[in-house]
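# Structure at a glance
Letter by letter, the chains look like this.
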Amino acid sequence: MGERKSERTYQGRSAPDCSIAFWDKVDKSDNGCWLWIAAKNEHGYGCFRYRNVLYKAHRVAWEQVNGTIQNDKFVLHRCDNPSCVNPLHLFLGTQLDNMRDMLNKGRNPRSIKTHCKRGHPYDGENLIRRYDGGRDCRLCSDMHKKSWAEKRRQRASQNNATL
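Report on the accompanying structure.

In this structure, Phe22, Trp36, Phe48 and Val85 are the most contacted members of the largest nonpolar core, which totals 15 residues. Put simply, the parts of the chain that give this core at least two residues each are strand E4 (53–56) and helix H2 (57–66). Here this core takes four residues from H2, the largest share from any one element. Leave out the neighbours within four places in its chain, and Val85 touches Phe22, Trp23, Val26, Trp34, Trp36, Ala57, His58, Ala61 and Leu90. Of all hydrophobic cores here, the second largest spans five residues; its members include Cys116, Tyr122, Cys137 and Cys140.

See below:
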């Protein structure tokens, strides 16, 4: 069975050489962002169809100016505007860079939560910062550890009783 290529690699193809057709769909506004004015996906990223293949507009813009993108690279926005295709606002990064960029710009939906699912606040001594940028509630973590330790003690006592 054939391997399915990632959407990021354009199904194994580089962005098309379609300069005129592409740049005609761009509004070079005054604030520096060049906005894609044609079709967009549900996240606001421009979509460019050329010869019946769908491309992400910001990736096509990057390749038109800078050349081919390696398969493991993402095209990220400095301006945080998904419809912007200005090559000066774009840069290459890895998946990890993309996630860090999202966290740094406050776009992680979980980062706007102020309380855990049990209602404890995510602040001060109650906040645990994870290595991956996530947050945990110290009170809930402590309750979980105590519960787990109690279950372990009960299993151990049951095992000792059956011996």
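Structure's up, so let's keep going.
A word on the pattern of salt bridges. Oppositely charged side chains may form a pair once their charged atoms are brought near each other. All chains considered together, the criterion is met by three salt bridges. Note that Asp101 and Lys105 form a salt bridge whose closest N and O atoms lie 3.2 Å from each other. Take Asp101: its relative accessible area is 12%, and that puts it in the buried class. A salt bridge links Arg130 to Asp136, with the shortest nitrogen-to-oxygen separation between them at 2.9 Å. Overall, the relative accessible area of 33% leaves Arg130 in the partly exposed class. For Asp136, a relative accessible area of 29% gives the class partly exposed.

Here H2 lies mainly inside the structure; seven of its 10 residues are buried. Within H2 the residues assigned to the buried category are Ala57, His58, Arg59, Val60, Ala61, Trp62 and Glu63. Lining the buried residues of H2 we find helix H1 (19–23), strand E2 (34–36), strand E3 (47–50), E4, strand E5 (74–77) and strand E6 (90–93).

Criteria and thresholds
Residues numbered from 1 in each chain as written. Predicted model: local features only at pLDDT ≥ 70, side-chain atom pairs only at ≥ 80, totals over all residues. Heavy atoms only, no water. Core = buried A, V, L, I, M, F, W, Y, C linked by side-chain atoms within 4.5 Å. Buried < 20%, exposed > 50% of the residue type's maximum accessible area, 1.4 Å probe, protein only. Helix = DSSP H or I, 4+ residues; strand = E, 2+ residues; numbered from the N terminus. Contact = heavy atoms within 4.5 Å. Salt bridge = Lys/Arg side-chain N within 4 Å of Asp/Glu carboxyl O.

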